[in-house]
Amino acid sequence: MEITPIRTETDYRAALRVVSQLVDQDPSPDTPDGERLEVLSTLIEAYERKNHPIDLPDPVEAIKFRMDQAGLTIKDLEPMIGQPNRVYEVLSHKRPLTLRMIRNLNKGLGISAQVLITDNAKSTGKLAVGA
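Structural notes, computed from the coordinates. (Residues numbered from 1 in each chain as written. Predicted model: local features only at pLDDT ≥ 70, side-chain atom pairs only at ≥ 80, totals over all residues. Heavy atoms only, no water.)

1. Brief notes about helix H3 (residues 59–70)
Selection criterion: Numbering of helices and strands runs from the N terminus, with a helix taken as a DSSP run of H or I at least four residues long and a strand as a DSSP run of E at least two residues long. Here the expected span of a helix is defined as 1.5 Å times the quantity of residues minus one. Only protein chains enter the area calculation, which uses a 1.4 Å probe; residues under 20% of their type maximum are buried, those over 50% are exposed, and those in between are partly exposed. The reported arc concerns the directions from the helix axis to the C-beta atoms and nothing else. The definition of a polar contact used here is a pair of N or O atoms within 3.5 Å, where within protein one atom must be able to donate a hydrogen and the other to accept one, and adjacent residues in sequence count solely through side-chain atom pairs.
With 12 residues, H3 extends 16 Å between its outermost C-alpha atoms, agreeing within 8% with the 16 Å of an ideal straight helix rising 1.5 Å per residue. Among the residues of H3, those classed as buried are Pro 59, Val 60, Ala 62, Ile 63 and Met 67. Down the axis of H3, the buried side of the element spans an arc of 160°, and every buried residue falls inside it. Away from the buried face of H3 by more than 90 degrees, exposed residues Phe 65, Asp 68 and Gln 69 are located. Looking at where H3 begins, the residue whose side-chain oxygen comes 3.0 Å from the main-chain nitrogen of Val 60 is Asp 58. Downstream of H3 by one or two residues, Gly 71 has phi in the positive range, about 65°.

Put into structure tokens, the structure is as follows:
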């Protein structure tokens, strides 16, 4: 099995082509092709993490997306965020998420706290600690 490091975009594209062919073959994990697929996938993942990072979504957009997925309304968010006017302020980026809201949304909607915290501070310029 000849595998080389992925250092350039050309190396990356070539590795993607090989992985695509291997995936189409659906090799058993304990075969040479299966092992090659596993190793190349790991190398591709490391290269992508370094050279093609994916930003976390905006927290408000993540909330809206989850609302859409689950068919939720403003009323459904009240236990997690507060009164309807507060929910509207959060959803329109006029009010930052508080720590309590972040905890409630994480628990209630299953949205990653990392998404709710990191990008909230970036997109609003502040993170409210109180409630």
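Back to the text.
2. A look at the pattern of salt bridges
Applied cut-off: A carboxyl oxygen of Asp or Glu within 4 Å of a side-chain nitrogen of Lys or Arg is what we treat as a salt bridge.
One pass over the structure, following the stated rule, counts five salt bridges. Between Glu 45 and Arg 49 there is a salt bridge; the shortest N-O distance is 3.1 Å. Placement of the pair is Glu 45 and Arg 49 together in helix H2 (residues 32–51), with a separation of four residues, close to one helical turn. Arg 49 sits in the exposed class, given a relative accessible area of 55%. In this structure, the salt-bridge partner of Lys 64 is Glu 61, at a minimum N-O distance of 4.0 Å. Here the residue Lys 64 and the residue Glu 61 both occupy positions in helix H3, the gap between them amounting to three residues, near one helical turn.

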